[in-house]
Amino acid sequence: MKKLKLMLILITALFVVDFGLAQVGINTSNPLSTLDINGNLSVKTITLTGSGSATLISDGVYISIAPQATDQEFRLPSAVAFPGRVYIIRNIQNSITAKLTSAVGLLFPKGSTVGSADIYMFEGSKRSIIVISDGANWTYFD
């Protein structure tokens, strides 16, 4: 009886370790990472139109923002609540500046230790950016 119990515990532990270290491959029989994709990747795209109050960014990965007035605000969610979250954001208006802010956390340009509460996106400057949450703030790449 003790041997059977020990055998069941060992088998259970083996399955837990095996599934805990599992790797998933899409279109590959030998995944080299937790998720290994051998092919194209599509992400959810949305368009947000500015309004009189801050337009919240809460869905999608590739986000086209369309401000209707100069310096219209588009607000990222809390960097603290969504560590590792990534957004690709593009101001699709040719002549209207968009203001990007965060509910919680600052916006840091890549390679800088100085953050700001907002950044402005317009033709010729930060028209398209990628933002990544580090669990406290957002880092952006333009």
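Above this text is the structure in question.
Conventions and cut-offs
Residues numbered from 1 in each chain as written. Predicted model: local features only at pLDDT ≥ 70, side-chain atom pairs only at ≥ 80, totals over all residues. Heavy atoms only, no water. Helix = DSSP H or I, 4+ residues; strand = E, 2+ residues; numbered from the N terminus. Core = buried A, V, L, I, M, F, W, Y, C linked by side-chain atoms within 4.5 Å. Buried < 20%, exposed > 50% of the residue type's maximum accessible area, 1.4 Å probe, protein only. Contact = heavy atoms within 4.5 Å. Pairing = 2+ DSSP bridges. Phe/Tyr/Trp six-rings, centres within 6.5 Å; stacked < 30°, edge-to-face > 60°.

### Description of unusual backbone geometry
Even without being glycine, Asn27 reaches a positive phi, approximately 65°. Despite not being glycine, Asp71 has its phi angle at roughly 60°, a positive value. Within the secondary structure, Asp71 is located in the loop between strand 5 (62–66) and strand 6 (72–76).

### A look at the nonpolar core
Most often, soluble globular proteins keep nonpolar side chains buried together rather than apart. Grouped together as the largest cluster of nonpolar side chains are 19 residues, with contacts concentrated most on Ile57, Leu76, Ile89, Leu100 and Val131. Where this core is concerned, the elements lending two or more residues are strand 3 (45–49), strand 5, strand 6, strand 7 (86–91), strand 8 (98–102), strand 10 (118–121), strand 11 (128–133) and strand 12 (138–141). Filtering out sequence-adjacent residues up to four positions away, Ile89 remains in contact with Ile57, Ile63, Ile65, Leu76, Leu100, Met121, Arg127, Ser128, Ile129 and Val131.

### Let's talk about the sheet that holds strand 6
Strand order across the open sheet formed by four strands is 4-6-8-10, with mixed pairing between neighbours. With partners counted over all chains shown, the strands left at the sheet margins are strand 4 (55–56) and strand 10, one partner each. Summarising the sheet, strand 4 and strand 6 pair through two bridges and their orientation is parallel. Residue pairing in the sheet places Thr55 in a bridge with Phe74 of strand 6.

### Quick notes on the side chain of Ser64
Here Ser64 lies in strand 5. Leave out the neighbours within four places in its chain, and Ser64 touches Ile46, Thr47, Leu48, Arg90 and Ile92.

### Some points on the packing of aromatic side chains
This structure, assessed with the given rule, holds one aromatic pair. Their ring planes at 40° and their centres at 5.9 Å tell us that Tyr87 and Trp138 sit as a pair that is tilted. Of the two residues, Tyr87 sits in strand 7 while Trp138 sits in strand 12, which places them 51 residues apart along the sequence. Judged by relative accessible area, Tyr87 falls into the buried class, the value being 0%. On the basis of relative accessible area, Trp138 is assigned to the buried category, the value being 0%.

From the geometry alone we can't say anything about function, so treat these as descriptive.
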